[in-house]
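Observations on chain architecture
Here's the letter readout for the chains.
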Amino acid sequence: GMRPATTGTVLYDNRDLYQNYNELRYRIGLVPQESVLHTQLTARRALQYSAELRFPADVKPAERDGRVDEVMGELGLTRHANTRADRLSGGQLKRVNVAQELLTKPSLLFLDEPTSGLDPGLDKSVMEQMRDLAHDGRTVIVVTHSVDNLDTCDRLLVLVPGGRIAYYGPPEEGLAYFGQARWAEVFQAFDRYPDRDWAAEYAASPAYAQYVLGQRSQPPQVQEGQELAATPPPQRRGAFSQMATLTRRYVRVIASDRGYLTFMILLPILLGVLISQVPAKFGLAGAPHSNPDAGTLLLIMVICACLAGMASSVRELVKERSILTRERAAGLSSGAYLVSKLLVLGVISILQSTLLVLLGVSWRPIHHPGAFLTAIPLVELILGIALLAVASMCLGLFVSAIVSTSEKAMPFLVLFTMVQVVLSGYVVPLADNVGLKQLSVISPSRWGLAAAASTVDLNNISQAPPFDPLWKQTSANWLRDMGIMAGLAVIFALLAYIKLRTLGPRRRK
């Protein structure tokens, strides 16, 4: 349901799906082949957040929790309610994914390969559970290559390559229709006779007349000039309410992921300790043209901030791609989702960069006064490095939005870190370098280093070139550097938002 058909008509309850999509989308559930849950959460907690996102705003928490418990009981998950999802068996995890869709009581439920990777016993159990759901008053469509438990289905639809119908009817009559003893031989026949028109043969068969034409419902009669009244879509939560829920969920996910949390804590500590080992006799101060090490110290601090900012975010969107895609189809605002990431990761980036500066240079001499906060240059330095980390974090989110796998995201972390070293303006002088000078405008490191250099008056205390006009110690320079970094952060976030919007259901042209 993410990509509309280019031709033909899709009817749901005798209503055009595309014309009534805003209402009908909430009556259709989908369980993809891969899990669309945050497996760091317990089964009950994951379902509670899903219910909070999908239920109307006027539904009270007690009602949502009651529905969660009801669905878990219906699927036999009550005893696993407080178990982390990543510790459940394959069959149990699949049932939690099914439970997520059943929360809103959809009348049509699709399941893509629900028994993939399960042993024969679990395969049978899942199929029997799907049969019970179907007999409870909803239509359940299961896509599967497993033929062991087809007898649990009420109807069987066999598609040949190209999506053409080769058979539709009771599963017990399927083999007799094809004249084969086993389903393996039916699939072999499809491969052996690729030019055979299986769809036309079925359309001419008695099975088609009985199970398709004979059971096709008639559309309701509507007088000329009138249209069927469209049911208004259910009132969903606003973007701000969704953002609050997503933020709380994201914080809990991070808190539950001890490996990621440990990495986020240790990274700035290790980087700060490394910065503290950089030899700089006069720190970030000194008499005019007496400090040969101040520029190197600032560069390393700036690059560490860029690395920490991107490292915290470069995988955060791509690793949840399947979850976001499903939630977007269920009505989630991509803006609310992105803002929740920005808030949490922004706080993390600010805390990391503050710790990095405090460990790395706070105990060293720092040039006094500063460029803008003249009396407290250390605070000014922290603000510049923190905003640099936030801008780099936003760049990481943009990268995470455009790549297709987490593995592809990591090389970009290395690439952009190295690019920012070159474009910072210290390793390669940029004042008279046509090409790189213009390209450096979009590099957060260029402006982060400029802000830090302006704070400590690097042009004055540095012993040797490069000298850069952007590093001149004036409040206007520092404010410009901070403003451009903030602008780059907004631009990277907007680019990520534009990409995330494409992950939702597309409208039919």
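Residues numbered from 1 in each chain as written. Predicted model: local features only at pLDDT ≥ 70, side-chain atom pairs only at ≥ 80, totals over all residues. Heavy atoms only, no water.

The next point concerns the side chain of aspartate 457. Looking at the element boundaries, aspartate 457 is found in the loop between helix H18 (444–456) and helix H19 (458–461). Buried within the structure, aspartate 457 lacks any salt-bridge partner; lysine 472 is the closest side chain of opposite charge, at an N-O distance of 9.0 Å. Among residues more than four places away in sequence, those in contact with aspartate 457 are His367 and Gln473. (Helix = DSSP H or I, 4+ residues; strand = E, 2+ residues; numbered from the N terminus. Buried < 20%, exposed > 50% of the residue type's maximum accessible area, 1.4 Å probe, protein only. Lys, Arg positive; Asp, Glu negative; His and termini not counted. Salt bridge = Lys/Arg side-chain N within 4 Å of Asp/Glu carboxyl O. Contact = heavy atoms within 4.5 Å.)

Across the interface, helix H4 (residues 90–102) lies against helix H5 (residues 120–134) with an axial gap of 10 Å and an inter-helix angle of 15 degrees. When the interaxial angle is binned, H4 and H5 end up roughly parallel. Crossing angle aside, the handedness with which H4 passes H5 is right-handed. From H4, Gly91, Arg95, Val98 and Leu102 reach across to H5, where they touch Leu122, Gln129, Met130 and Leu133. Tallied by class, residues from the contact of H4 with H5 come to 5 nonpolar, 2 polar and 1 charged. (Axes fitted to C-alpha atoms, helices over the stretch in contact; angles between N-to-C directions. Parallel < 35°, antiparallel > 145°, perpendicular 65-115°, else oblique. Left-handed = near helix turned anticlockwise from the far one by under 90°. Nonpolar A, V, L, I, M, F, W, Y, C, P; charged D, E, K, R; others polar.)

Here the focus is the packing of aromatic side chains. Enumeration according to the criterion identifies 14 aromatic pairs in this entry. Ring geometry for phenylalanine 412 against phenylalanine 416: centres 6.0 Å apart, planes inclined by 20 degrees, an arrangement best described as stacked. Taken together, the positions of phenylalanine 412 and phenylalanine 416, both in helix H16 (residues 406–422) and 4 residues apart, correspond to about one turn of that helix. Owing to a relative accessible area of 29%, phenylalanine 412 belongs among the partly exposed residues under this scheme. You can call phenylalanine 416 partly exposed: its relative accessible area is 24%. Pairwise contacts between aromatic rings join Tyr167, Tyr177, Phe178, Trp183, Phe187, Phe190, Trp198, Tyr202 and Tyr208 into one cluster. (Phe/Tyr/Trp six-rings, centres within 6.5 Å; stacked < 30°, edge-to-face > 60°.)

By themselves these figures say nothing about function.
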